[in-house]
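Read off the chains here:
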Amino acid sequence: MTRFHKDFHLSKSLSWLLRHGACEEGFELSPEGYLEVCKILQHPLFQSRYQLSDVVRVVRQDAKQRFNLRQSPSTGNLEIKANQGHSIPTVSDDGLTPILTPKYSTVVHGTYYKWWSSIERDGLNRMSRNHIHFAKGTLDDPKVISGLRESAEILIYINLPKALADGYKFFESENGVILTSGNHRGFLKPEYFLRAVCLKTGRILYP
């Protein structure tokens, strides 16, 4: 296996474990989502396949900055977390930066035509994840490193001032992704959409 393929598989495995699978694999994450790297490397999915240096390299070379490393405040051991994308309910918002004022002029969610009819009717839904994800700009903005898939077909622009004024809580992750858990049902309703645009043609789909 080449280093590229090795790093790709390691990144995928870490993303799954830290975002979704930690509990079912017997791990307990910190409230911010951290887990000791040495414990991960002892797990059958990683044992004898990867070393500490592999994990550090994958984190540092990740263009989307999906992960963060720190020294454990209690043990001093190296810990890793996924910066966003969790479906694990015990991961809190403690590691996120609250957005208290509408400091970003562009907050956008990327989606696909197959979901559009339900989104137009009901709004954006966080589904099984802890948050709905947004980028603070579009892909042509060099400051946007994560939060928007290149394959997205539709861009939904959010009225952040209105949502904040109405009591919705928004946060920013360490890799610059804007997050909200939505209302009590996990939705951000269409009334908070400024517009929705077909990315390929520029056609306005909403309002």
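Residues numbered from 1 in each chain as written. Predicted model: local features only at pLDDT ≥ 70, side-chain atom pairs only at ≥ 80, totals over all residues. Heavy atoms only, no water.

- Under an unreviewed UniProt entry, the name given to the protein is 2'-phosphotransferase, and the source organism is Arctia plantaginis.
- Under the UniProt heading Catalytic activity (unreviewed entry), the note attached to the protein is "2'-phospho-[ligated tRNA] + NAD(+) = mature tRNA + ADP-alpha-D-ribose 1'',2''-cyclic phosphate + nicotinamide".
- According to its UniProt record, the protein has this under Function (unreviewed entry): "Catalyzes the last step of tRNA splicing, the transfer of the splice junction 2'-phosphate from ligated tRNA to NAD to produce ADP-ribose 1''-2'' cyclic phosphate." (UniProt positions renumbered as here; feature names shortened; annotations may be inferred.)

**Focus: the packing of aromatic side chains**
- Overall, the coordinates contain four aromatic pairs when judged by the stated rule.
- Where phenylalanine 134 meets phenylalanine 170, the ring centres are 6.2 Å apart and the plane angle is 45 degrees; that geometry is what we call tilted. Taken together, the residues phenylalanine 134 in strand S7 (residues 132-134) and phenylalanine 170 in strand S9 (residues 170-172) connect sequence positions 36 residues apart. Each member of the pair, phenylalanine 134 together with phenylalanine 170, is buried.
- For the pair phenylalanine 193 and tyrosine 206, a centre-to-centre distance of 5.7 Å together with 75 degrees between the ring planes defines the contact as edge-to-face. (Phe/Tyr/Trp six-rings, centres within 6.5 Å; stacked < 30°, edge-to-face > 60°. Helix = DSSP H or I, 4+ residues; strand = E, 2+ residues; numbered from the N terminus. Buried < 20%, exposed > 50% of the residue type's maximum accessible area, 1.4 Å probe, protein only.)

**Some thoughts on the pairing of strand S3 (residues 78-82)**
- Burial within S3 is extensive, with four of its five residues counted as buried.
- Taken together, the two bridges between strand S1 (residues 35-36) and S3 define a ladder with antiparallel strand orientation. The residue bridging glutamate 36 from the neighbouring strand is glutamate 79, located in S3.
- Once strand S2 (residues 67-71) ends, the chain turns through six residues before running back antiparallel as S3, passing glycine 76 with a positive phi of about 80 degrees. (Pairing = 2+ DSSP bridges.)

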